[in-house]
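Spelled out, the chains give:
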Amino acid sequence: MVLHPVVIVVFTLDLMDFQTIRVQLVKTLDHDAWHLVGRSYSSTESSPERKVAILGAGGGIGQPLALLMKLNPLISSLSLYDIANTPGVAADVSHINSRAQALVNMVSNPVNSTVPIAAEVFKKAGTFDERKLFGVTTLDVVRAKTFYAGKVKAPVAEVNVPVVGGHAGITILPLFSQVYPASFDPTVQN
Ligand SMILES: NC(=O)c1ccc[n+]([C@@H]2O[C@H](COP(=O)([O-])OP(=O)(O)OC[C@H]3O[C@@H](n4cnc5c(N)ncnc54)[C@H](O)[C@@H]3O)[C@@H](O)[C@H]2O)c1
Ligand SMILES: O=C(O)C[C@H](O)C(=O)O
């Protein structure tokens, strides 16, 4: 199995600045750091490296996300980037381009726009791969499942509501024809 580094973009975005985004490395938690914080993870051939970088790690989403990543025993290396209150020399976001194998997850809103903008930036750099760029829209699935579970009075963990489309307004499209468990009550879909 081929493992790719993962880049998660969670900073609040000034669209005009997107092509000149500058980030600073706040902290890199490598294998040694894992041992320092008492985790038993170590890199062996049977435990391949999984590297994650979070851009905007100092913010409201980035901080808990970084904590979750740090607690995840599957992740061997965690690099946290932000521009605020960080010492060091700024590095251009082109460091992402240099890692053409990385999976890039766009959390920054508006996701409907940031994903195509990122695609254009990567195309310009000659590193675009549509299989490796993602918009993070899981919240829409979580919400759809929660609302549907409430309507059909089932535990959230036992319902499934596929959601396609974008991450704003009417572009979010729950597929009620595909829900589990199916409901034939038309009021449930309203
Ligand atoms: N897709 C989703 O489901 C989802 C969910 C929640 C939030 N969001 C979006 O995530 C983004 C972040 O939300 P938040 O609440 O963490 O915001 P926040 O303002 O608390 O944090 C943003 C962080 O990004 C940093 N930052 C700004 N510009 C940067 C740059 N060029 N490079 C590196 N870091 C930079 C800031 O210093 C700050 O620490 C927003 O766009 C928000 O709408 C998306
Ligand atoms: O919509 C937002 O501002 C944040 C996030 O993307 C959400 O769906 O709640």
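Summary of the structure given here. Everything numeric here is computed off the predicted structure, so don't read it as measured data.

Considerations on unusual backbone geometry
Part 1: Omega for the peptide link from asparagine 109 to proline 110 comes to -5°, which places this bond in the cis form.
Part 2: As for its placement among the helices and strands, proline 110 is situated in the loop between β6 (103-106) and α4 (111-125).
Part 3: In this chain, tyrosine 180 is followed by proline 181 through a cis amide linkage whose omega measures -5°.
Part 4: In this structure, proline 181 sits in the segment after β9 (172-174).
Part 5: Positive phi, normally seen in glycine, also occurs at lysine 153, with a value near 55°.
Part 6: One can find lysine 153 in the loop between α5 (138-152) and β8 (163-165).

A few points about the site of ligand 2
Part 1: In the region of ligand 2, the neighbouring residues are Asn109, Leu139, Arg143 and His167.
Part 2: Histidine 167 places a polar side-chain atom, nitrogen or oxygen, 2.6 Å from an oxygen atom of ligand 2.
Part 3: Summarising the interface, the protein chains cover 48% of the accessible area of ligand 2, which totals 260 Å² for the free molecule.

Side note on the pairing of β6
Part 1: Here strand β1 (residues 6-9) runs beside β6; their pairing, made up of four bridges, is parallel. Bridge assignment links isoleucine 8 to a residue of β6, and that residue is asparagine 105.
Part 2: In the sheet, β6 pairs with strand β7 (residues 133-135) via three bridges, with the strands oriented parallel. The residue bridging valine 104 from the neighbouring strand is leucine 133, located in β7.
Part 3: In this fold, β6 hands off to α4, which returns the chain to β7; that crossover is right-handed.

What counts and what doesn't
- Residues numbered from 1 in each chain as written.
- Chains lettered and ligands numbered in written order.
- Predicted model: local features only at pLDDT ≥ 70, side-chain atom pairs only at ≥ 80, totals over all residues.
- Heavy atoms only, no water.
- Helix = DSSP H or I, 4+ residues; strand = E, 2+ residues; numbered from the N terminus.
- Near = heavy atom within 4 Å.
- Polar contact = N/O pair within 3.5 Å; in protein donor to acceptor, adjacent residues only side chain to side chain.
- Areas by Shrake-Rupley, 256 points an atom, 1.4 Å probe, with all protein chains shown as cover.
- Pairing = 2+ DSSP bridges.
- Right-handed = clockwise from strand over helix to strand, strands pointing away.

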